[in-house]
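Coordinate analysis (summary)
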Amino acid sequence: AFGAATEFGYKYLTIGGLFFKNDPHVFVKLEAIMVVLIAVSIGVLVGLEYMPFGLALVCCILLSQRILEYVIVYSRNFIFNRGRIFTHFSDSSTLGQWVILVFFLNVIEIIVVFAVWYRFFFLFFDRAFSHAITFTVMDSLYLSMTTFAMVSFGDIIPTAYFTKTFVMIESMLIFYTIIVVINGLISVHFGSRDHKDTK
C-alpha cells in the first residue's frame, strides 16, 4: 500500500514526476529548480513578518511540498527500487555525483522549509517557543539545523503542541535520511559494479 501511494505521489505530487519523466537530463534540471526553490524559501523566511496571516500560511503549505517530495522520491528510488530507477539516465559514470548533489540540495531545502514554519509559528502564535523575546531569521535556521542534526542545545524549546509536533517530524526525518544515505550508497555501489560487469 505504501509502495502504491509512493508511485501515486511521484506521478502527481513531485516536480520530476510531473515535468521530467524519463528525461535523460533530469538531474541538471532538477538541481536548477531546487536552487531556485531554496532561494524562494529563504525569501519567504525573511519576508514572513511582512505578510498577512493567510498569505504566510499558504506559502508555508506550498513549501511543504518539498518535504513531501523528498520522502516520496527517495522512498521510491532507494527503498523500493534500490536505486535502479536512475540507471536509465545518461552518463552513468557520474551518476553518484549527481545523486549526492541532489541529496545535499534536498537536505538544505528541508532545513530552510522547517525554519520557515518555525518563524511562522513564532510570528502568528503566542508562546510557540520558550525563546519568546526575540526569534529572528537566524534563530529559525539555527533551531531547524540543530533539530535536523539532532544536537539541540535546549536554548530554544517548543512549548505549544503544534511546534512540538513539527520538531518531532523534523527529528524523525534524520532517521529516514540515514536509511536513505546507506541504501543509496549501497545501490550506487552495486549499480556501478553491475555496470562494469556488463561491459
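Cut-off values and rules
Residues numbered from 1 in each chain as written. Predicted model: local features only at pLDDT ≥ 70, side-chain atom pairs only at ≥ 80, totals over all residues. Heavy atoms only, no water. Helix = DSSP H or I, 4+ residues; strand = E, 2+ residues; numbered from the N terminus. Areas by Shrake-Rupley, 256 points an atom, 1.4 Å probe, with all protein chains shown as cover. Salt bridge = Lys/Arg side-chain N within 4 Å of Asp/Glu carboxyl O. Buried < 20%, exposed > 50% of the residue type's maximum accessible area, 1.4 Å probe, protein only. Expected span 1.5 Å × (residues − 1). Contact = heavy atoms within 4.5 Å. Arc of directions from axis to C-beta. Patch = residues over 30% accessible without salt bridge, like charges linked within 9 Å, V, L, I, M, F, W, Y side chains within 5 Å. pLDDT = per-residue confidence, 0-100.

A separate point is the overall build of the chain. Counting secondary structure elements, the chain contains seven helices and zero strands. Counting from the amino terminus, the chain carries its helices and strands in the arrangement α-α-α-α-α-α-α. As displayed, the chain has an accessible area near 10,900 Å², and 72% of this comes from carbon and sulfur atoms.

What follows covers the pattern of salt bridges. Inspection of the entire model under this criterion finds three salt bridges. For Glu-49, the salt bridge identified is with Arg-119, shortest N-O distance 3.4 Å. On the criterion of sequence distance, the pair formed by Glu-49 in the loop between helix H3 (26-47) and helix H4 (53-80) and Arg-119 in helix H5 (residues 95-124) is long-range, its members being 70 residues apart. For Glu-49, a relative accessible area of 44% gives the class partly exposed. The class of Arg-119 is buried, set by a relative accessible area of 6%. Across the pair Glu-109 and Arg-66 runs a salt bridge whose closest N-O atoms are separated by 3.0 Å. Here the residue Glu-109 occupies a position in helix H5, and Arg-66 occupies one in helix H4, the gap between them amounting to 43 residues. For the pair shown, Glu-109 and Arg-66 are each scored as buried. Overlapping salt bridges, with partners in common, bring together Arg-66, Glu-69 and Glu-109 in one network.

In the Ramachandran plot, Arg-127 falls in the positive-phi region, its phi being about 55° despite a non-glycine side chain. One non-glycine residue, Met-150, lies in positive phi territory at about 60°.

The residue Thr-6 is located in helix H1 (residues 2-13) in this model. Judged by its relative accessible area of 4%, Thr-6 is buried. Spatially, the C-alpha atoms of Thr-6 and Val-73 are 7.9 Å apart, while their sequence positions differ by 67 residues.

Compared with an ideal rise of 1.5 Å per residue, which puts 12 residues at 16 Å, helix H6 (residues 137-148) spans 17 Å between its outermost C-alpha atoms and is within 8% of the ideal. If you check which residues of H6 are buried, you get Asp-139, Ser-140, Leu-143, Ser-144, Thr-146, Thr-147 and Phe-148. Where H6 terminates, the next one or two residues include Met-150, which has phi positive at roughly 60°.

All right, on to the environment of Tyr-142 then. As for its position among the elements, Tyr-142 is in helix H6. Between the C-alpha atoms of Tyr-142 and Ala-115, which are 27 residues apart in sequence, the distance is 8.1 Å. Sequence-distant contacts of Tyr-142, defined by excluding residues within four places in its chain, comprise Phe-153, Asp-155 and Ile-156.

Another aspect to go through is H1. When H1 is considered as a whole, its buried residues turn out to be Thr-6, Gly-9 and Tyr-10. Buried residues of H1, seen end-on, are gathered within an arc of 100° and therefore sit on one face of the element. Across from the buried face of H1, at angles greater than 90 degrees, the exposed residues are Ala-4, Phe-8 and Tyr-12.

So, on to a nonpolar patch on the surface. There is a patch of nonpolar side chains on the surface, built from Phe-8, Tyr-12, Leu-13, Leu-18, Phe-19 and Leu-68 and spanning about 650 Å² of accessible area. Listing elements by their share of the nonpolar patch, those giving two or more residues are H1 and helix H2 (15-19). With three residues, the top contributor of residues to the nonpolar patch is H1. As for its placement among the helices and strands, Phe-8 is situated in helix H1. On the basis of relative accessibility, which here comes to 51%, the residue Phe-8 falls in the exposed class.

Moving on to the confidence of the model for the chain. Looking at the chain as a whole, the pLDDT averages 80, with 77% of positions reaching at least 70. Element-level pLDDT for the chain is lowest in helix H7 (residues 161-198), with a mean of 74, against a maximum mean of 91 in H6. Low pLDDT (under 50) marks residues 87-91, which in the prediction has six contacts with non-local residues, meaning those over four places away or in another chain.

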